[in-house]
Amino acid sequence: MESSIKKRNSLLSRLQKFPWSRHYLYILLIVLLVISSLVSPQFLSKSNIYDILLSNMTIIILAFGAFFVIVTAGIDLSVGSLVALSGCLLAGFIEKGTSWWLSIIMVLLIMLIPGMINGFFVAFGKVNAFIATLAMMSIARGLSYIYVSGSPKIIFDDNIIAITDIEFLDGWLPLPLLIVIILFLISMFVLKYTSYGRKLYAIGDDPESAYLNGIQVKRHVFSVYVINSFLAGVAGIILASRLMLGTPLVGQSYEMDAVASVIIGGGALHGGTGTIGGTLLGAIIFGILQNIFNLVGIGGYPQMILKGLIIIAALLFYRKKKN
Amino acid sequence: MTSEKLDRLKKLWSNYYLLILIIAVTIISSFLHPSFFTGNNLANVFGSNVTTALVSIGMFAVILTGGIDLSVGPVVALSSSLLAGFLTAGYPAWLSILIIIIAMIIPGLISGVLVAYAKITPIMATLAMSTIIRGIAYIYATGSSRIISNRAVLYLGSGKILGIPVPLIILLIYFIPCWILFNKTKIGRELYAMGGNETAAFLSGVSVKRNLVLAYAFSSFTAGVTGIVLAGRLMMGAPIFGEGYEMDAIASIVIGGASLSGGSGLVRNVVLGAFVLGLITNILNLLGLSSYFQMVVKGLIILSAVLGGYFLNKNKAG
């Protein structure tokens, strides 16, 4: 009797010890791939897979940025508007005759500013992150409308359009994918192997004790909003290149997709947990789900409902167990 | 100046700053545009910002607990779409309104349960709910808006009694029980206590979870009422209604001096905050500044109100 209990306990404990938190995302991904290849034979074709990856490039990059913010227990709702602002600025600079590389550099530099403002208010002004970035969301979207005076600007510059057209390795490595891989590797390195990255986790876990341990909490919190805003700038440039125009209409509700990707990937809004790898998988899974919905023929409005349900399901799955 | 005097000045300011703000905005605006200070325009401002004020009253209950409700805009849209649909289907106005405002409690109940019992962050729970509810509104209305021609409903939204817009009277009637709820009832005081310190409230016998669910249900119910008034004013129900309402409500609440971490603020100030926002929006409109420009201004108003509140309260704690 006792031994059987012991045996069961050991089985249970072994089951509990199995690092589900590392593998369930892969399992989920494989299940999704199997289901979707059954649903539609074209799903596993190279062109469809690349289509999914490329059309979700913006969200994947935003999810990286969102992860930096969320790991410190913050949130940034302004990224969707920042994507629009970045694209509009790029289109505007190109139209004024600035060369393509100078425009990109200028846009990326300018896109540091909204992040600095967000970071300043959150870190030094003690404003709730949610409110500061909500205000920025409205400000940035308004500015992008004002900048292009309401109508989209078409981008004629070949070099800008080429950003999404250049392919390496016989078409196996499009430039946007390369950018995502580089951003991913840098983010992973920073978060995993630098003291800066580990401090971000510490701040998200418990800002008080992080502070008492000599971490400059304010500076670090400030920095993640700047990183996030910069990445939103990159995402905006890639999106503008793909659409061949800068318009204030894009990026609506991207913040939700980015946060959803982080959450599906195991990040938690209370900070201090999750990995950038999980976030990448989360974004890909979220993208595949939407692709499946499209292939099955579910309309845009029911998809809104499904998206909400997926987020709630992910939140319930990971919810913090409080005593 | 002695610190005592400074404290008294601060107290005076925090009691009356909204009135001062309203008067200041009114005076400046009257100089900026001749048609601002006319009975017609002011009645219009107060009539058309009733919806913001109503939504803010609802969300105030949630913000008191330290939470937030991002689904109010979609609930407004759903409520107005349902009303238009029911009226088109031939139901009597009073029955449609009754069914809808009761039904609009449901989204709030769901958000409340997710926040209170499943321990999901309010932002995420209500953000997810907001896409679900707006999706339902789009599906119900099949993507388009429906005209409302029912006289009674139109009267609720745009009628006048002795020159006073009916929506304003609805707001007053709705405000009184809300004022009592927040200031004179046990549950109201419990909401304040929960926002101040949830654990302490729980330990002193407040049923925190039940109250959380009620707060979200109240917010959603109020948004439902708002949807009816809005449908009457715009003479239609549409799934695109209520876009940005959560932002306006947050702005009104912050202007009204409530802290977003919960436990403080007054419901009357929230209503005044909504009208300050309305007056500012109105003068921007009169000056011909685009709605894009107004988006920027609204963002700046929220930031400065939050910062202002922070600096006012900073010394209070210390």
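Residues numbered from 1 in each chain as written. Chains lettered and ligands numbered in written order. Predicted model: local features only at pLDDT ≥ 70, side-chain atom pairs only at ≥ 80, totals over all residues. Heavy atoms only, no water.

Visitor: Is there a simple way to think about the overall build of chain A in this case?
Guide: If you tally the helices and strands in chain A, you get 16 helices and four strands. On C-alpha atoms alone, chain A measures out to a radius of gyration of 21 Å, which is about the 20 Å that the 2.2 N^0.38 rule sets for 323 residues. If you line up chain A on its principal axes, its C-alpha atoms span 85 × 55 × 40 Å. Counting the 323 residues in chain A, one finds 54% classified as buried. (Helix = DSSP H or I, 4+ residues; strand = E, 2+ residues; numbered from the N terminus. Rg over C-alpha atoms; globule rule 2.2 N^0.38 Å. Buried < 20%, exposed > 50% of the residue type's maximum accessible area, 1.4 Å probe, protein only.)

Visitor: For this particular structure, what's the right way to read the overall build of chain B?
Guide: Across its full length, chain B holds 15 helices and four strands. Its C-alpha radius of gyration of 20 Å places chain B within 12% of the 20 Å reference for a compact globule of 318 residues. In terms of overall dimensions, chain B has C-alpha extents of about 70 × 55 × 35 Å along its principal axes. Across the 318 residues that make up chain B, the buried fraction comes to 54%. Considering only residue pairs separated by 6 or more positions, chain B has 78% of its internal contacts joining residues 24 or more positions apart. Of the roughly 13800 Å² that chain B leaves accessible, carbon and sulfur atoms contribute 69%. (Contact = heavy atoms within 4.5 Å. Areas by Shrake-Rupley, 256 points an atom, 1.4 Å probe, with all protein chains shown as cover.)

Visitor: It is not clear to me how the side chain of S111 of chain B should be interpreted in this structure. Could you clarify?
Guide: Residues and elements named next belong to chain B. Mapped onto the elements of the fold, S111 is located in helix α6 (residues 105-116). Taking the relative accessible area as the measure of exposure, S111 reaches 1% and is therefore buried. When neighbours within four sequence positions are excluded, S111 is seen to be in contact with S71, T126, M129 and Y216.

Visitor: Help me out: how do you make sense of the interface of chain B and chain A in this one?
Guide: Contacts between the two partners involve 37 residues from chain B and, on the opposite side, 36 residues from chain A. The contact between chain B and chain A buries some 3200 Å² in all, and 88% of this surface belongs to carbon and sulfur atoms. At the junction of chain B and chain A, the tally comes to zero salt bridges. On the surface where chain B and chain A come into contact, there are two residue pairs in polar contact (both at pLDDT 80 or more). If one sorts the elements of the side of chain B that touches chain A by residue count, helix α7 (residues 122-140) of chain B sits on top with 13 residues. (Buried area = accessible area lost by both parts, 1.4 Å probe. Salt bridge = Lys/Arg side-chain N within 4 Å of Asp/Glu carboxyl O. Polar contact = N/O pair within 3.5 Å; in protein donor to acceptor, adjacent residues only side chain to side chain.)

Visitor: What is the right way to look at helix α16 (residues 300-318) of chain A in this model?
Guide: Along an α-helix, residues three or four apart share an orientation, since each turn contains 3.6 residues. The end-to-end C-alpha distance of α16 of chain A, which contains 19 residues, comes to 27 Å, matching closely the 27 Å that a straight helix rising 1.5 Å per residue would cover. Residues of α16 of chain A that are buried include every one of Q303, I305, K307, G308, I310, I311, I312, A314 and L315 of chain A, and no others. Here the buried face of α16 of chain A lies against α14 (254-264) and α15 (276-296) of chain A together with α6 and α7 of chain B. (Expected span 1.5 Å × (residues − 1).)

Visitor: What's the story with the packing of aromatic side chains in this structure? I'm lost.
Guide: Pairs of aromatic rings are described using the distance from one ring centre to the other and the angle between the two planes. Residue and element names in this part refer to chain A. What the rule picks out here adds up to 13 aromatic pairs over all chains. Here the aromatic rings of F120 and F121 are separated by 5.7 Å at their centres, their planes lie at 75°, and the arrangement is edge-to-face. Taken together, the ring pairs in this structure connect F120, F121, F124 and F222 into an aromatic cluster. One residue, K153, lies across the ring of Y147, its end atom 5.4 Å from the ring centre. (Phe/Tyr/Trp six-rings, centres within 6.5 Å; stacked < 30°, edge-to-face > 60°. Lys NZ or Arg CZ within 6 Å of the ring centre and 35° of its normal.)

Visitor: Help me understand the environment of H23 of chain A, please; the structure alone is not making it clear to me.
Guide: Note on placement: H23 of chain A falls in helix α2 (residues 20-39). C-alpha of H23 of chain A to C-alpha of G278 of chain A: the two residues are 255 residues apart in sequence and 9.9 Å apart in space.

Visitor: What is the right way to read the nonpolar core from this model?
Guide: The tendency in soluble globular proteins is for nonpolar side chains to be buried side by side. Counting 208 residues, the largest nonpolar core has F130 of chain A together with F182 of chain B as the members making the most contacts within it. Sort the elements by how many residues they give to this core and helix α4 (residues 57-71) of chain A lands first, with 13 residues. With residues up to four places along the chain from it excluded, the contact list for F130 of chain A reads I75 and L77 of chain A together with I68, L70, I123 and I250 of chain B. (Core = buried A, V, L, I, M, F, W, Y, C linked by side-chain atoms within 4.5 Å.)

Visitor: Just to check I follow, could you spell out unusual backbone geometry for this structure?
Guide: Peptide bonds are, in most cases, trans, and in most cases residues other than glycine have a negative phi. Residue and element names in this part refer to chain A. In this model, A73 sits at a positive phi of 70°, which is unusual for a non-glycine residue. For A73, the location among the structural elements is in the loop between α4 and α5 (79-95). Positioned with a positive phi, S253 is a non-glycine residue whose angle comes to about 65°. Looking at the element boundaries, S253 is found in the loop between β4 (245-246) and α14. Given the relative accessible area of 34%, S253 is considered partly exposed.

Visitor: How should α5 of chain A be read in this particular structure?
Guide: All names here are of chain A. In a regular helix each residue adds 1.5 Å, so 17 residues correspond to 24 Å; α5 covers 24 Å between its end C-alpha atoms and thus fits that length. Burial analysis of α5 places 16 of its 17 residues in the buried class, the great majority of the element. Positive backbone phi, at 95°, marks G97, one or two positions downstream of α5.

Visitor: Mind showing me how you'd approach the packing of helix α5 (residues 93-103) of chain B against α6 of chain B here?
Guide: Residues and elements named next belong to chain B. At a closest axis distance of 5 Å, the pairing of α5 and α6 adopts a crossing angle of 5°. With respect to each other, α5 and α6 are oriented roughly parallel. Residues I101, I102 and A103 of α5 touch α6, and the partners they reach there are I105, I106 and P107. Class assignment of the residues belonging to the contact of α5 with α6 gives a composition of six nonpolar, no polar and no charged. (Axes fitted to C-alpha atoms, helices over the stretch in contact; angles between N-to-C directions. Parallel < 35°, antiparallel > 145°, perpendicular 65-115°, else oblique. Nonpolar A, V, L, I, M, F, W, Y, C, P; charged D, E, K, R; others polar.)

Visitor: What exactly am I supposed to notice about a nonpolar patch on the surface here?
Guide: The grouping of L12, W13, Y16, L19, I20, I23, I27 and F31 of chain B at the surface amounts to a nonpolar patch, some 880 Å² of accessible area in total. You can see I23 of chain B is positioned in helix α1 (residues 3-32). (Patch = residues over 30% accessible without salt bridge, like charges linked within 9 Å, V, L, I, M, F, W, Y side chains within 5 Å.)

Visitor: What should I look at first to understand the confidence of the model for chain B in this one?
Guide: Reading predicted coordinates in detail is not appropriate for stretches of low pLDDT. Model confidence for chain B is summarised by a mean pLDDT of 88, while 96% of its residues fall at 70 or above. Interface confidence for the predicted complex, expressed as ipTM, amounts to 0.81; the pTM equals 0.86. (pLDDT = per-residue confidence, 0-100.)

Visitor: What am I meant to see in the side chain of N291 of chain A here?
Guide: Residues and elements named next belong to chain A. Structurally, the position occupied by N291 is in helix α15. Residue N291 is classed as buried on the basis of its relative accessible area, which comes to 14%. Residues in contact with N291, not counting those within four places in the same chain, are F43, N48 and I52.

Visitor: Sorry, what's going on with the pattern of salt bridges here?
Guide: When the charged atoms of two side chains lie near each other, side chains of opposite charge can form a pair. Residue and element names in this part refer to chain A. For the coordinates displayed, the defined rule picks out five salt bridges over all chains. A salt bridge links K307 to D257; the nearest nitrogen and oxygen atoms lie 3.3 Å apart. Here K307, found in helix α16, pairs with D257, found in helix α14; they are 50 residues apart in sequence, far enough to count as distant. Like D257, K307 is buried.

Visitor: For this particular structure, what's the right way to read the packing of helix α3 (residues 50-64) of chain B against helix α13 (residues 245-255) of chain B?
Guide: A pair of packed helices is characterised by two quantities: the angle between their axes and the separation of those axes. All names here are of chain B. Relative to each other, α3 and α13 sit at 75°, their axes nearing to 8 Å. Judged on the interaxial angle alone, α13 and α3 are roughly perpendicular. When α3 is examined against α13, the residues T51, T52, V55, S56, M59, F60 and I63 are found in contact with a partner set consisting of Y245, E246, D248, A249, I250, S252 and I253.

Visitor: Would you explain the environment of G196 of chain B in this entry?
Guide: Mapped onto the elements, G196 of chain B comes out in helix α10 (residues 186-196). Each C-alpha atom, one on G196 of chain B and one on S261 of chain B, is 8.1 Å from the other, the two residues being 65 residues apart in sequence.

Visitor: What am I meant to see in the confidence of the model for chain A here?
Guide: Per-residue pLDDT for chain A averages 85, and the proportion of residues at 70 or more is 92%. Model confidence for chain A, summarised as mean pLDDT per element, is weakest for helix α1 (residues 2-17) of chain A at 62 and strongest for α4 of chain A at 94.

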